[in-house]
Amino acid sequence: MTPPRSQTRSSTPRAVRSPRAETGTPPRGEGRVVIEGVAPEIDAGASPAKRVVGDVFTVEADIFSDGHDVVRAELMFKRADEIRWRRAPMTFVINDRWTGSFTLDQNARWLYTIEAWRDPYASWSRDVAKKRDAGQDVSSELSEGEAMLRSVDASGADADAHGRLVTALEAHPYRDPARLDVLLSAETAALMSRLGERANLSRYPRMLPVVADRPAARFSAWYELFPRSQSDDPVRHGTFDDVIGKLPYVRDLGFDVLYFTPIHPIGRTNRKGRNNSLTAGPDDPGSVYAIGAEEGGHTAVHPELGTLEDFDRLVVAAREHGLEIALDFAVQCSPDHPWIKEHPEWFEWRPDGTIRFAENPPKKYEDIVNVHFYGQSFPDLWYALRDAFLFWVERGVKIFRVDNPHTKPIPFWEWVIREVNERHPDVLFLAEAFTRPKMMKKLAKIGFQQSYTYFTWRNLKAEIAEYALELAGEMGEYYRPNFFVNTPDINPVYLQTSGRPGFIVRSTLAATLSSVWGMYSGFEVCEATPIIGKEEYLDSEKYEIKAWDLDKPGHIKDHIRALNRIRRENPALQDFRNVTFLNAWNDNILAYAKWAPDKSECVFCLVNLDPHARQDCAYEIPLWEFGLPDTGALEVEDLLLGYRFRLHGKTHQIALDPNDRSVAVWRLKKQG
């Protein structure tokens, strides 16, 4: 890497006044070296690419000029808070395509751009060497080379090197061929690369951003629960201490993020009863999303859960178990939220003086009201919400799952995420937005580090493969998918009708296709009792305290534990952009491979998508990716069942029976 240059020289001609200068636009001569087709570049630099700390960030561009002069290019990069650019050389690949890279060694926002120029010394040395080798007279060219060497402005160590080269040059008589040997030496080439003229210097007109998040942004496993249900007694409200008692269980399953639904005081006005009833009984706890009561709002905890000091102890205990706490952040209020009295201008009121409740016609949410982001509430409401995030960050929370961000203004999210991340770059935001594709993409572009997806509704072989490849393609530059297999709001039809095999299938797909996945408590015991005709749970935990029997027969805890172990042990499963779908000649069996960064091995999965019947098929293993012929062989380790064998040849046969096993997860390696 060359150090930043204090001054760049260019041979672009100076403008000369001419009689024609008064007519038309005078020529400037810029842009002789063309830089275009830069990748990644998202929305002309308006949105950052996303990576994690430690990634080698590679940039490509088309770079060329007229004629045959040698072109050089450098990738320029710096943290957004740095003044000086750092530089890395770019190399020619093919067809005017160039590439360069640098390491994102800090959790920060970075900037990058490209400079390219014509290199007179490199062009001269290439051409003069050809002429000399052809036996032609190069005495004139020798003078040109000497002039270029003598003209450089060197200092420090470069001045010493420059002096040695000039001395070596003058040790030989004028026009002695030995002088050409000095000018064509590797040492001279290195010096001139650093200090030589950069003719027709061009810089790409945009500074492009890339954000390096901490690794948990791309690789983590989430477990969701309701803290109030952790007493194991449906008539006793759970506490933070009860949650502490569940930490070993969650960690034993292999999860590293423990996500809580809202933990704030719950309003009493229009409180919802069981199964979303409009009438609550005296003991009904209400919906956790009806945030706020006389005890406080978004910076308070439900008194039956405990105190803020109890919450602090929970955060510390979770960390000691290798778990991180993620909080649900819902920008909505119960009619009892303190903000309504303190800041009535933040809410919408009807002409008759009543507050406007939240609606999504024909749905009505009588127990919540929405804030108004503009008008008299701007900007005070924005600052209050930012400060609520910062309040929890100061208490050790570094991950937020944001409820329904697509129903709030994009400028607010762009601003508040930048405000939080500039102070705490390690804070992560997950967008819970199941909505129009362009809105979901935009939320990711403006700052959300993770996003919910349509995975829940992708069940057929073709649509799963198509969606995974879409996420891994251009979207993979800015959109990190979190594959939740279920949520308190979503009880998928597939799970309602599949029985235990379907839960194994969906958890395997989520844990191996995406590097971030999650499940809502109850999934491990295959809970899917629905409200008939709806993707909703009967006796939903959103409206009552539950006591789960997590050891009941038929649970899949061992499978989930194995999946999370396999993910930790295999780098191939720690990214979502490296998937390859392979031939399996049965529309019910999905075959795919995920590759380790060094391509030395891969994790190969076969999944029977039919939870009701045995499926047989012929399938291919990717011998060609290992540089092997169709008759080659690979070593196989069954990562779920724990045995090893060898596969000879490209095509094989398998049967996957839901009564025995619905999935196979293998590690493939080249022999020896």
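Cut-offs used in this document
- Residues numbered from 1 in each chain as written.
- Predicted model: local features only at pLDDT ≥ 70, side-chain atom pairs only at ≥ 80, totals over all residues.
- Heavy atoms only, no water.
- UniProt positions renumbered as here; feature names shortened; annotations may be inferred.
- 1 Å grid on protein atoms, 1.4 Å probe; cavity = no way out; pocket = protein on both sides within 12 Å on 5 of 7 lines; lining within 4 Å.
- Points joined across faces, edges and corners; volume = space filled by probe spheres on them.
- Helix = DSSP H or I, 4+ residues; strand = E, 2+ residues; numbered from the N terminus.
- Nonpolar A, V, L, I, M, F, W, Y, C, P; charged D, E, K, R; others polar.
- Buried < 20%, exposed > 50% of the residue type's maximum accessible area, 1.4 Å probe, protein only.
- Contact = heavy atoms within 4.5 Å.
- Polar contact = N/O pair within 3.5 Å; in protein donor to acceptor, adjacent residues only side chain to side chain.
- Pairing = 2+ DSSP bridges.
- Axes fitted to C-alpha atoms, helices over the stretch in contact; angles between N-to-C directions.

The protein chain is annotated in an unreviewed UniProt entry as Alpha-1,4-glucan:maltose-1-phosphate maltosyltransferase from Alsobacter metallidurans. One UniProt comment on the protein chain, placed under Sequence similarities (unreviewed entry), says "Belongs to the glycosyl hydrolase 13 family. GlgE subfamily." UniProt lists a comment for the protein chain under the heading Subunit (unreviewed entry), and it reads "Homodimer."

K.L.:
Lay out the layout of surface pockets in plain terms, naming residues and giving numbers.
P.N.:
Considered as a void within the structure, the largest pocket measures approximately 1400 Å³ in volume. Lining the largest pocket are 42 residues, with Asn360, Lys363, Tyr365, Asn404 and Asp489 sitting closest to its centre. Elements with a contribution of two residues or more to the lining of the largest pocket: β14 (357–360) and β15 (363–369). Sorting elements by how many residues they give to the lining of the largest pocket places β15 first, with five residues. Of the residues contributing to the lining of the largest pocket, the split by class is 16 nonpolar, 11 polar and 15 charged. What the second largest pocket holds in volume is close to 470 Å³. Considering the residues around the second largest pocket, the lining is formed by 24 residues, among which Ala108, Arg109, Val211, Arg418 and Asn421 are closest to the centre. Among the elements that line the lining of the second largest pocket, the one with the most residues is helix α10 (residues 410–423), at five residues. Split by residue class, the lining of the second largest pocket holds nine nonpolar, six polar and nine charged.

K.L.:
Before we move on, can you summarise the UniProt feature "active site" (unreviewed entry) in the protein chain with the specific residues and values?
P.N.:
Taking the UniProt record as the reference, the feature "active site" (unreviewed entry) is found at Asp403 and Glu432. Of the residues just listed, which span 30 residues, no C-alpha pair is farther apart than 5.3 Å, and they cluster in one region. When only the residues just named are considered, the largest pocket is lined by Asp403 and Glu432. By the element assignment, aspartate 403 lies in strand β16 (residues 399–403). Under the relative-accessibility criterion, aspartate 403 is labelled buried at 6%. Beyond its immediate stretch of four places on either side in the chain, aspartate 403 contacts Tyr289, Asp328, Phe329, Ala330, Gln332, Lys408 and Glu432. In this structure the side chain of aspartate 403 is engaged in a polar contact, spanning 2.9 Å, whose partner is the side chain of arginine 401. Structurally, glutamate 432 can be placed in strand β17 (residues 428–432). Its relative accessible area of 6% is what places glutamate 432 among the buried residues. Residue contacts for glutamate 432: discarding those within four places in its chain leaves Arg401, Val402, Asp403, Asn404, Pro405, His406, Tyr452 and Asp489. Looking at glutamate 432, its side chain comes within polar contact range of the side chain of arginine 401, at 3.5 Å.

K.L.:
Hey, could you go over the environment of lysine 272 for me, with residue numbers and the actual values?
P.N.:
By the secondary structure assignment, lysine 272 is in the loop between β12 (257–260) and α7 (308–320). With sequence-adjacent residues up to four places away left out, lysine 272 is seen in contact with Ser277, Leu278, Ala280, Asp284, Gly286, Lys364, Glu366, Asp367 and Tyr543. Here the side chain of lysine 272 touches asparagine 276 through a polar contact of 2.9 Å, side chain to side chain.

K.L.:
Explain the sheet that holds strand β1 (residues 34–39) to me, and be specific about the residues and the numbers.
P.N.:
Strand order in the open sheet made by the four strands is β1-β3-β7-β6, with antiparallel pairing throughout. A strand with exactly one partner marks an edge of an open sheet, and here the two such strands are β1 and β6 (91–94). Pairs of neighbouring strands in the sheet enclose a mean axial angle of 35°, with direction left out of account. Where β1 meets strand β3 (residues 56–64), four bridges bridge the pair, whose relative direction is antiparallel. Across the sheet, valine 34 pairs through a bridge with phenylalanine 64, a residue of β3.

K.L.:
Mind laying out the sheet that holds strand β26 (residues 644–648), listing which residues take part and the relevant values?
P.N.:
Note: strands within a sheet are paired through backbone hydrogen bonds, in either parallel or antiparallel orientation. One open sheet holds the six strands; their spatial order is β21-β22-β23-β28-β25-β26, and the pairing between them is antiparallel. Whereas interior strands pair on both sides, the edge strands pair on one side only; in this sheet they are β21 (579–582) and β26. Pairs of neighbouring strands in the sheet enclose a mean axial angle of 30°, with direction left out of account. Relative to strand β28 (residues 663–670), strand β23 (residues 601–608) is paired through seven bridges, and the arrangement is antiparallel. Paired with leucine 606 across the two strands is alanine 664, which belongs to β28. Helix α14 (residues 500–513) contacts β21, β22 (589–595), β23 and β28 of the sheet and is inclined by roughly 25° relative to β22.

K.L.:
Go over the pairing of β26 with me, naming the residues and quoting the values.
P.N.:
Side chains on a regular strand alternate between the two faces of the sheet. Two elements, strand β25 (residues 633–638) and β26, share five bridges in a ladder whose sense is antiparallel. Note that in β26 the partner of glutamate 635 across the bridge is arginine 646.

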